[in-house]
Amino acid sequence: MGHSAAVWDQRAAIEVTKDWNGIDQVVLRSPRGASARISLYGGQVSSWRNDRGEELLFTSSKAILKAPKGMQGGIPICFPQFGSCGLLEKNGFARNKIWTIDDNPPPLPTNDSTGKAFVDLLLKPSEEDLKSWPHSFEFRLRVSLATNGDLTMISRIRNIDSKPFSFSFAYHTYLSVSDISEVRIEGLETLDYLDYLCQKERFTEQGDAITFENEVDRVYLSSPNIVAVLDHEKKRTFVIRKEGLPDVVVWNPWEKKSKTMTDFGDEEYKQMLCVDAAVIEKPIMLKPGEEWKGRLGITVVPSSYCSEHDPCLSGL
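Residues numbered from 1 in each chain as written. Predicted model: local features only at pLDDT ≥ 70, side-chain atom pairs only at ≥ 80, totals over all residues. Heavy atoms only, no water.

J.: Would you mind going over the pattern of salt bridges with me for this structure?
T.: Pairing between side chains becomes possible if they bear opposite charge and their charged atoms approach one another. Inspection of every chain in the model, using the stated rule, returns 20 salt bridges. Of the charged contacts, one joins Arg142 and Asp120 as a salt bridge, the two residues approaching to 2.6 Å between their closest N and O atoms. Note that Arg142 is positioned in strand 9 (residues 137-145) and Asp120 in strand 8 (residues 117-123), a separation of 22 residues in sequence. The exposure classification of Arg142 matches that of Asp120, with both residues buried. Between Lys163 and Asp161 there is a salt bridge, with the nearest N and O atoms lying 3.4 Å from each other. On the basis of relative accessible area, Lys163 is assigned to the partly exposed category, the value being 36%. Accessibility expressed as a relative area gives 17% for Asp161, which makes it buried. (Salt bridge = Lys/Arg side-chain N within 4 Å of Asp/Glu carboxyl O. Helix = DSSP H or I, 4+ residues; strand = E, 2+ residues; numbered from the N terminus. Buried < 20%, exposed > 50% of the residue type's maximum accessible area, 1.4 Å probe, protein only.)

J.: How should the side chain of Asp247 be read in this particular structure?
T.: With respect to the element layout, Asp247 can be found in strand 19 (residues 247-252). There is no salt bridge for the buried Asp247, and the closest opposite charge comes from Lys242, which lies 7.3 Å off by N-O distance. Non-local contacts of Asp247, meaning those with residues more than four positions away in its chain, are made with Val219, Tyr220, Leu221, Ser222, Ser223, Lys242, Asp276, Ala277, Ala278, Val279, Ile280 and Glu281. (Lys, Arg positive; Asp, Glu negative; His and termini not counted. Contact = heavy atoms within 4.5 Å.)

J.: Looking at this model, I keep getting lost on the sheet that holds strand 8. Mind explaining?
T.: By definition, the strands of a sheet pair up through backbone hydrogen bonds, in either a parallel or an antiparallel sense. Judged by pairing direction, the sheet is antiparallel, and its eight strands sit side by side in the order 7-8-9-10-21-18-17-13 without closing on themselves. Both edges of this open sheet fall to strand 7 (100-101) and strand 13 (183-186), since each of them pairs with a single strand only. Summarising the sheet, strand 10 (residues 151-159) and strand 21 (residues 291-302) pair through eight bridges and their orientation is antiparallel. Among the inter-strand pairings, Met153 is bridged to a residue of strand 21, identified as Leu296. (Pairing = 2+ DSSP bridges.)

J.: I would appreciate a short explanation of the packing of aromatic side chains in the present structure.
T.: The description of an aromatic ring pair uses the distance of the two centres, along with the angle that the planes make with each other. If you walk through the whole model with that rule in mind, you get 21 aromatic pairs. Seen from their ring centres, Phe58 and Phe264 are 5.8 Å apart, and the 50° between their planes marks the pair as tilted. One end of the pair, Phe58, is in the loop between strand 5 (44-49) and strand 6 (77-78); the other, Phe264, is in the loop between helix 2 (254-258) and strand 20 (272-286), and 206 residues separate them in sequence. Measuring from centroid to centroid gives 5.9 Å for Trp133 and Phe137, while their planes differ by 65°, and the two rings are edge-to-face. For the pair Trp133 and Phe137, a shared accessibility class is recorded, and that class is buried. Linked through ring pairs, Phe79, Phe93, Trp99, Trp133, Phe137, Phe139, Phe165, Phe167, Phe169, Tyr171 and Trp292 together constitute an aromatic cluster. (Phe/Tyr/Trp six-rings, centres within 6.5 Å; stacked < 30°, edge-to-face > 60°.)

J.: How should the side chain of Asp217 be read in this particular structure?
T.: With respect to the helices and strands, the residue Asp217 is situated in strand 16 (residues 216-220). The side chain of Asp217 sits in the buried core without any salt bridge; Lys257 is the nearest counter-charge, 4.9 Å away. Aside from chain neighbours lying at most four places away, what touches Asp217 is Leu194, Asp195, Tyr196, Leu197, Val250 and Trp251.

As structure tokens, this is what we get:
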């Protein structure tokens, strides 16, 4: 890995280094030792570690970490298309483009700046992009790491074209779990979902919580802004907070599909779960000059905290 001088301010450290492909990446560090790595390739969070150095995001050992392939792991940005629901490449082109660092970003709100490290990345369409998706836009992604290690991602997409355009979007979040059979999701009970294993047929969730015994590929609709992912074996809970992102994707390929994926280990489905804050069912429509904002925040707390506060979904 390359090295460069750290740039310090009064709140936290931000360092720009090279990743294994020689592409710039930004490393954010909290005062207590948590860290996040964001690659300029795709604007993708590739690592998020707590203050004990434990990796909280999953990345496949077989992930292809080179353009033009998207990486199976971390938090890829799906824009302006999710999945194969349009004419573009799967999950859109944003995750396969080189983003730039904004060296003079807007400041953090004064009530939200103590001990927080952040970086703003920018993406604008190239001439080649405009051939496949003829809409001018500016995409600003802010990734921040709080003193307590909380990770926040805020996307702002502005229409700088002379005509409207629509898009779908997802933070394709690969969570690291101990054993998928010991994981459950709370907050999506009773919701309608589109089952991508059944030609996107619409069903209603019947369980008290979502648990895993086979392949799952669903989009839960009109979901609450807080969802909890409980990992019983590690006794920890991911609390996902979102704004402007009404849908939640839940995906685990399970055994059979894993064996068909060249960039994914046969047994790795046991250690991962994708829970994506997204806009899929009803794409965002932006008129010229309008801006859309989508916010994702992830907190990790001991599962005992959730039970004491009954439950994490009450808003902590």
